[in-house]
Amino acid sequence: MTWKNKAERLLGSRTLHLQGDGQFALVTPCRTRAFSLWPTRAEAEQAMNRIISCGGDCHGISSHYIADLGEAA
């Protein structure tokens, strides 16, 4: 199973894959529930820090989170 497939299974099939491939999913559960995949937690955290707001009903970085797909059951 690929990281993308695992993320879609855990986050739901309606969650959009934006980019990347890796064990760490940066999830933006805002207007459009989406995720991007990163090979390291540090890279995912850097990407999250670059996002100020997704627009719409986004509450900014406080609503975004990183999921370690390697630890997810």
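The structure under discussion appears in the preceding block.
Residue indices follow the written sequence of each chain, beginning from 1 at its first position. Selection of residues for local features in this predicted model requires a pLDDT of at least 70, selection of side-chain atom pairs for listing and counting requires 80 or more, and totals for whole chains, interfaces and linings are taken over all residues. Heavy atoms throughout the structure, all of them, feed into the side-chain values; hydrogens and water do not.

Caption draft 1: Spatial organisation of the overall build of the chain. When helices and strands are tallied, the chain shows 2 helices and 4 strands. Helix and strand assignments follow DSSP, with helices taken as H or I runs no shorter than four residues and strands as E runs no shorter than two, numbered in order from the N terminus. For the chain, the α and β elements follow one another from N to C terminus as α-β-β-β-α-β. Burial classes: relative accessible area under 20% of the type maximum marks a residue as buried, over 50% as exposed, and values in between as partly exposed (1.4 Å probe, protein chains only). Burial analysis of the chain (73 residues in total) assigns 36% to the buried set. The contacts of the chain with a sequence gap of at least 6 include a subset with a gap of at least 24, amounting to 43%. Accessibility throughout is a Shrake-Rupley quantity obtained with a 1.4 Å probe, and a residue counts as covered only by protein chains that appear here. A total accessible area of about 4500 Å² is found for the chain, and carbon and sulfur atoms account for 50% of it. The contact rule is simple, with two residues in contact once any of their heavy atoms fall within 4.5 Å.

Caption draft 2: Region of the structure containing helix H1 (residues 3-11). Listed in full, the buried residues belonging to H1 are Lys6, Ala7 and Leu11. Buried residues in H1, looked at end-on, bunch into an arc of 115°, giving them a common side. The inward-facing, buried residues of H1 contact strand E2 (24-29), strand E3 (33-38) and strand E4 (65-68). Immediately beyond the C-terminal end of H1, within one or two residues, lies Gly12, with a positive phi of roughly 105°. In this context, the arc is that of the directions from the helix axis out to the C-beta atoms.

Caption draft 3: Quick peek at the environment of Gly12. Secondary-structure assignment places Gly12 in the loop between H1 and strand E1 (16-20). When the C-alpha atoms of Gly12 and Arg33 are compared, they prove to be 9.4 Å apart, with 21 residues separating the residues in sequence.

Caption draft 4: Fine view of the nonpolar core. Grouping buried Ala, Val, Leu, Ile, Met, Phe, Trp, Tyr and Cys residues that are joined through side-chain atoms within 4.5 Å yields what is termed a nonpolar core. Membership of the largest hydrophobic core is limited to 8 residues, which are Ala7, Leu11, Ala25, Val27, Phe35, Leu37, Ala67 and Leu69. Going through the elements one at a time, H1, E2 and E3 are the ones with two or more residues in this core. Leu69 has contacts with Trp3, Lys6, Ala7, Leu10, Gly22, Gln23, Ala25 and Leu37, leaving out every residue within four places of it along the chain. In this structure, Phe24, Leu26, Ala47 and Ile66 belong to the second largest nonpolar core, which totals 7 residues.

Caption draft 5: Focus on the environment of Ala67. Inspection of the secondary structure puts Ala67 in strand E4. C-alpha of Ala67 to C-alpha of Leu26: the two residues are 41 residues apart in sequence and 6.6 Å apart in space. Beyond its immediate stretch of four places on either side in the chain, Ala67 contacts Gln23, Phe24 and Ala25.

Caption draft 6: Region of interest: helix H2 (residues 41-50). For H2, every residue scored as buried is listed here: Ala44, Ala47 and Met48. Relative to the axis of H2, the buried residues are bounded by an arc of 100° and lie together on one face. In H2, the exposed residues that point more than 90 degrees away from the buried face are Asn49 and Arg50. Buried residues in H2 make contact with E2, E3 and E4.

It is worth stressing that arrangement in space is one thing and function is another; only the former is reported here.
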